[in-house]
Amino acid sequence: MLQFIPVLVLMILFFVMMFGIGFILNMLMKTTWFPCFLFVIVILPVVVYSLWDRGQMSFWTHVGSFQLVDYLTGVAGLIGAYMSGWTIKKLRIKGFRMF
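In what follows, the accompanying structure is described. (Residues numbered from 1 in each chain as written. Predicted model: local features only at pLDDT ≥ 70, side-chain atom pairs only at ≥ 80, totals over all residues. Heavy atoms only, no water.)

### Thoughts on the layout of surface pockets
To locate leftover empty space, one rolls a probe as large as a water molecule over the atoms. There is about 410 Å³ of room inside the largest pocket. Contributions of two or more residues to the lining of the largest pocket are made by helix H1 (4-29), helix H2 (34-51) and helix H4 (68-93). Looking at the lining of the largest pocket element by element, the count peaks at 7 residues for H2. Its residues assigned to classes, the lining of the largest pocket shows 13 nonpolar, 2 polar and 1 charged. (1 Å grid on protein atoms, 1.4 Å probe; cavity = no way out; pocket = protein on both sides within 12 Å on 5 of 7 lines; lining within 4 Å. Points joined across faces, edges and corners; volume = space filled by probe spheres on them. Helix = DSSP H or I, 4+ residues; strand = E, 2+ residues; numbered from the N terminus. Nonpolar A, V, L, I, M, F, W, Y, C, P; charged D, E, K, R; others polar.)

This is the structure in structure tokens:
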């Protein structure tokens, strides 16, 4: 049980961080789903590539070495980015023109 508490805190932090960044990007750029695409196409590959020790293992071995914690934090960040787009979309439907 004690091992799960830091993972839960990390997941919440990634969710809130990606929600906040996505919300701000949606307001500034007048887009809806850009933060989701940015997270999947740019942020995740950059993080995976930057952690890769090229001299020690192949790329696919490196990708296979990730643990459940890594996937949970990535999914929490993706959900945060998605929820920011969903929130902006709902606010626009309700008539908030500044979003």
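### Quick notes on the packing of H1 against H2
At a minimum axis distance of 9 Å, the contact between H1 and H2 shows a crossing angle of 120°. Accordingly, the angle class assigned to the pair H1 and H2 is oblique. Residues Met18, Gly22, Leu25, Asn26 and Met29 of H1 form the contact with H2, whose own contacting residues are Phe34, Pro35, Leu38, Phe39 and Ile43. Looking at the contact of H1 with H2 residue by residue, the class counts come to 8 nonpolar, 2 polar and no charged. (Axes fitted to C-alpha atoms, helices over the stretch in contact; angles between N-to-C directions. Parallel < 35°, antiparallel > 145°, perpendicular 65-115°, else oblique. Contact = heavy atoms within 4.5 Å.)

### Things to note about H4
Its 26 residues place the ends of H4 37 Å apart at the C-alpha level, agreeing with the 38 Å of an ideal helix rising 1.5 Å per residue. Those residues of H4 that sit buried are Thr73, Gly74, Ala76, Gly77, Gly80, Ala81, Ser84, Gly85, Thr87, Ile88 and Leu91. Where H4 is buried, its residues contact H1 and H2. A positive backbone phi angle near 105° is found at Gly95, which sits one or two residues after H4. (Expected span 1.5 Å × (residues − 1). Buried < 20%, exposed > 50% of the residue type's maximum accessible area, 1.4 Å probe, protein only.)

### Describing the packing of H1 against H4
At a minimum axis distance of 7 Å, the contact between H1 and H4 shows a crossing angle of 35°. For the element pair H1 and H4, the recorded crossing hand is right-handed. Classifying every residue of the contact of H1 with H4 gives 17 nonpolar, 8 polar and 1 charged. (Left-handed = near helix turned anticlockwise from the far one by under 90°.)

### Quick word on H1
Compared with the 38 Å implied by 1.5 Å per residue over 26 residues, the 37 Å span of H1 between its first and last C-alpha is a close match. Within the sequence span of H1, burial applies to Val7, Met18, Gly22, Phe23, Leu25 and Asn26. In this structure, the buried side of H1 is in contact with H2 and H4. Following H1 by one or two positions, Lys30 has its phi on the positive side, about 55°.

### Focus: the packing of aromatic side chains
Applying the stated criterion to the full structure yields 6 aromatic pairs. Relative to Phe19, the ring of Phe15 lies with its centre 6.3 Å away and its plane at 20°, an arrangement referred to as stacked. Here Phe15 and its partner Phe19 are both found in helix H1, 4 residues apart, which amounts to about one turn of the helix. With a relative accessible area of 30%, Phe15 lands in the partly exposed category. In this structure Phe19 comes out as partly exposed when scored by relative accessible area, which is 25%. A connected cluster of aromatic rings, assembled from ring pairs, spans Tyr49, Trp52, Phe59 and Trp60. Directly above the aromatic system of Tyr49 lies the positively charged group of Arg54, at a separation of 4.4 Å from the ring centroid. (Phe/Tyr/Trp six-rings, centres within 6.5 Å; stacked < 30°, edge-to-face > 60°. Lys NZ or Arg CZ within 6 Å of the ring centre and 35° of its normal.)

Function cannot be inferred from these measures alone, as they are strictly geometric.
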